Amino acid sequence: TIYGNLVYNNGSFNSVTSAERGHGLYLESASGYSRNYNNIVLNNFNLGMQAYGRTSPYVGGDMQGTIIAGSGSPTGEYHVNMLWGPEEVQSPTANVDSCVFYHIPGHGYSVIMGYGAGIGSATVTNNYFLGSGGSGTSFSVNPSVANLTFTGNKLDNKSTGVLPASVSYTHLR
């Protein structure tokens, strides 16, 4: 369980190789369901949160009431605020509820659900996806997500999500 944390400005930048290091939250778990509640994750050098599992599977989890913004901004290279999806073994679940994701308009993807082996069932409800556009979108779901429930979410007018045609959402005005 990760609860009530303020996570900001983590990482480093190698000016010789132009490599950014440092995620706000890096989740990897083969043995337990993760719970991430009421955290604020800001301005980390690379990703805001990566629920990934490169060296072991990520068995899934819940994220509620969390704010993630400005990932990559210390380097001027905007990165994904949240990437969810293990590389080798599918994550059975992903539940994201009542969160806020923000990028400066025109910079990068804010949230990508599904990566590598993907997610069996993702439920994304009552969130705000703000900013992005231009070189990315505020919310993107990859075909590696087998089942997506996307309800009660709001996207601002500056960006659109890359969503299946059957999924509905509300644009903020």
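Scroll up a little and you will see the structure.
Now for a description of the structure that goes with this document. (Residues numbered from 1 in each chain as written. Predicted model: local features only at pLDDT ≥ 70, side-chain atom pairs only at ≥ 80, totals over all residues. Heavy atoms only, no water.)

Along its length, the chain carries zero helices and 20 strands. Burial statistics for the chain: of 173 residues in total, 47% are counted as buried. Approximately 7,800 Å² of the chain is accessible, and the part contributed by carbon and sulfur atoms is 50%. (Helix = DSSP H or I, 4+ residues; strand = E, 2+ residues; numbered from the N terminus. Buried < 20%, exposed > 50% of the residue type's maximum accessible area, 1.4 Å probe, protein only. Areas by Shrake-Rupley, 256 points an atom, 1.4 Å probe, with all protein chains shown as cover.)

What follows concerns the environment of Val-89. Relative to the elements of secondary structure, Val-89 occurs in the loop between β11 (82–84) and β12 (91–97). Judged by its relative accessible area of 44%, Val-89 falls in the partly exposed class. In the structure, Val-89 is positioned 31 residues away from Tyr-58 in sequence and 7.7 Å away in space, judged by C-alpha atoms. Not counting the four nearest positions on each side in its chain, Val-89 is found in contact with Pro-57 and Ala-117. (Contact = heavy atoms within 4.5 Å.)

Summarising the element assignment, Gly-60 is placed in the loop between β8 (49–51) and β9 (61–64). With 29 residues separating them in the primary sequence, Gly-60 and Ser-31 have C-alpha atoms 9.9 Å apart. Aside from chain neighbours lying at most four places away, what touches Gly-60 is Gly-32, Tyr-33, Ser-34, Ser-91 and Thr-93.

This next bit is on the packing of aromatic side chains. Applying the stated criterion across every chain, the model contains seven aromatic pairs. Ring plane angle 20° and centroid distance 6.0 Å describe the contact between Phe-129 and Phe-150, whose orientation is recorded as stacked. With a gap of 21 residues between them, Phe-129 in strand β16 (residues 128–130) and Phe-150 in strand β18 (residues 145–151) connect regions that are remote in the sequence. Here Phe-129 falls in the buried class, since its relative accessible area comes to 0%. (Phe/Tyr/Trp six-rings, centres within 6.5 Å; stacked < 30°, edge-to-face > 60°.)

With that out of the way, let us pick up the side chain of Ser-144. By the element assignment, Ser-144 lies in the loop between β17 (140–141) and β18. Once residues within four sequence positions are removed from consideration, Ser-144 is found in contact with Gln-90, Gly-114, Tyr-115, Gly-116, Ala-117, Gly-118 and Ile-119.

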